[in-house]
Amino acid sequence: MSDDTHAATGDLVRGDDGLLRPVWAASPGLMQDYYDTEWGVPAHGENAWFERLSLEGFQSGLSWATILRKRPAFREVFADFDVDTVADFDDSDVERLMGDTRIVRNRAKILATVGNARATQALRSDGGLEDLIWSHRPDRTPMPRSMAEVPTVSPESTALAKDLRRRGFRFVGPTTAFALMEALGVVDTHLVGSHRRGSSGVWAPDGTFVGRGVTG
């Protein structure tokens, strides 16, 4: 194999660094960096969990690469997703955001983000957003060996979406909820054989639960 050639193993691709990754993270750059360092790992603190929830909502109907490219701008205009700051956004803030070409200018999604910040505040008296999401962790995590085996929804994500909507959250359907659970390590859908399988610290490579991980 030449230095600039990748060797494929099923739906995993071996990079020049010798590591196996899924096709969507195979090329060096933004998506690979995200896969190698962040995706599937529990976040730290309420604002970080709120950011992931918000960005998953904005991603609906778009590619995740688009959201990652825009994330620095999202963080800037949403005050680093500080829950209390976003909860105080008013109509003038919504119009400011609608005029910013650097982000996804979807009024319904922007309004949902503001409303979701307020819903996150309300959850503090009942354990908080992080605890609510963790409460829908499955007993075992999937063991996909191909991308075709990676689910996009689960009974737990359906229940989480229902629970979030009941508490006033929007843009949180079962598919979005599952993507959120993947992103935060609440489920592990890294393909078996990937160098990141088990990297959450929550799930063993064989799909068994080993602990909630270091969060907070």
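Placed above this text is the structure.
Since we're looking at a predicted model, the values are computed, not measured.

Some words on the nonpolar core
Then step 1. The biggest cluster of nonpolar side chains holds 53 residues, and the ones touching the most others in it are W49, F74, F78, L129 and F169.
Then step 2. Among the elements that line this core, the one with the most residues is helix 3 (residues 64-77), at 7 residues.
Then step 3. Discounting residues that sit within four places of it in the chain, W49 has contacts with A43, H44, L129, E130, I133, W134, L184 and V186.

Some details on the layout of surface pockets
Then step 1. Computed from the structure, the largest pocket encloses a volume of approximately 530 Å³.
Then step 2. Surrounding the largest pocket, 25 residues form its lining, W24, W39, W64, A179 and E182 being those nearest its centre.
Then step 3. Going through the elements one at a time, helix 1 (30-37), helix 2 (46-59), helix 3 and helix 9 (174-183) are the ones with two or more residues in the lining of the largest pocket.
Then step 4. Among the elements that make up the lining of the largest pocket, the one with the highest residue count is helix 9 (6 residues).

Some thoughts on the environment of T120
Then step 1. Position of T120 relative to the elements: it lies in helix 6 (residues 107-123).
Then step 2. Measuring from C-alpha to C-alpha, the distance between T120 and G168 comes to 9.0 Å, with 48 residues separating the pair along the chain.
Then step 3. Discounting chain neighbours no more than four positions away, the residues touching T120 are E46, F50, V83, L129 and F169.
Then step 4. A distance of 2.8 Å separates a polar atom in the side chain of T120 from the backbone oxygen of N116.

A word on the pattern of salt bridges
Then step 1. Taken as a whole and assessed by the stated rule, the structure comprises 18 salt bridges.
Then step 2. Of the charged contacts in the structure, one is a salt bridge between R21 and D17, with a shortest N-O distance of 2.7 Å.
Then step 3. On the basis of relative accessible area, R21 is assigned to the buried category, the value being 2%.
Then step 4. Judged by its relative accessible area of 44%, D17 falls in the partly exposed class.
Then step 5. The salt bridge involving R102 is made with D100; its shortest N-O contact spans 2.9 Å.
Then step 6. On the basis of relative accessibility, which here comes to 13%, the residue D100 falls in the buried class.
Then step 7. Bridged by salt links that share partners, the residues E38, E51, R52, R71 and R75 form one connected network.

A look at empty space enclosed by the protein
Where empty space is left becomes clear once a probe the size of a water molecule has been rolled over the atoms.
Then step 1. Tallied over the entire structure, the rule returns 1 cavity of 30 Å³ or more.
Then step 2. By volume, the largest cavity is sized at about 60 Å³.
Then step 3. For the lining of the largest cavity, the secondary structure elements donating two or more residues are helix 2 and helix 6.
Then step 4. A breakdown of the residues in the lining of the largest cavity according to their chemical character gives 5 nonpolar, 4 polar and 2 charged.

Examining the packing of helix 2 against helix 3
When two helices pack together, you describe them by how their axes are tilted relative to each other and by the distance separating the axes.
Then step 1. One can describe the packing of helix 2 onto helix 3 by two numbers: an axis separation of 10 Å at closest approach and a directional angle of 130 degrees. In terms of orientation, helix 2 lies oblique with respect to helix 3. Relative to helix 3, the crossing made by helix 2 is right-handed. Residues E51, R52, L55, E56, F58 and Q59 of helix 2 lie in contact with helix 3, whose contacting residues are W64, I67, R71, F74 and R75.
Then step 2. Of the residues that constitute the contact of helix 2 with helix 3, the class distribution is 5 nonpolar, 1 polar and 5 charged.

Rules of the game
- Residues numbered from 1 in each chain as written.
- Predicted model: local features only at pLDDT ≥ 70, side-chain atom pairs only at ≥ 80, totals over all residues.
- Heavy atoms only, no water.
- Core = buried A, V, L, I, M, F, W, Y, C linked by side-chain atoms within 4.5 Å.
- Buried < 20%, exposed > 50% of the residue type's maximum accessible area, 1.4 Å probe, protein only.
- Helix = DSSP H or I, 4+ residues; strand = E, 2+ residues; numbered from the N terminus.
- Contact = heavy atoms within 4.5 Å.
- 1 Å grid on protein atoms, 1.4 Å probe; cavity = no way out; pocket = protein on both sides within 12 Å on 5 of 7 lines; lining within 4 Å.
- Points joined across faces, edges and corners; volume = space filled by probe spheres on them.
- Polar contact = N/O pair within 3.5 Å; in protein donor to acceptor, adjacent residues only side chain to side chain.
- Salt bridge = Lys/Arg side-chain N within 4 Å of Asp/Glu carboxyl O.
- Nonpolar A, V, L, I, M, F, W, Y, C, P; charged D, E, K, R; others polar.
- Axes fitted to C-alpha atoms, helices over the stretch in contact; angles between N-to-C directions.
- Parallel < 35°, antiparallel > 145°, perpendicular 65-115°, else oblique.
- Left-handed = near helix turned anticlockwise from the far one by under 90°.

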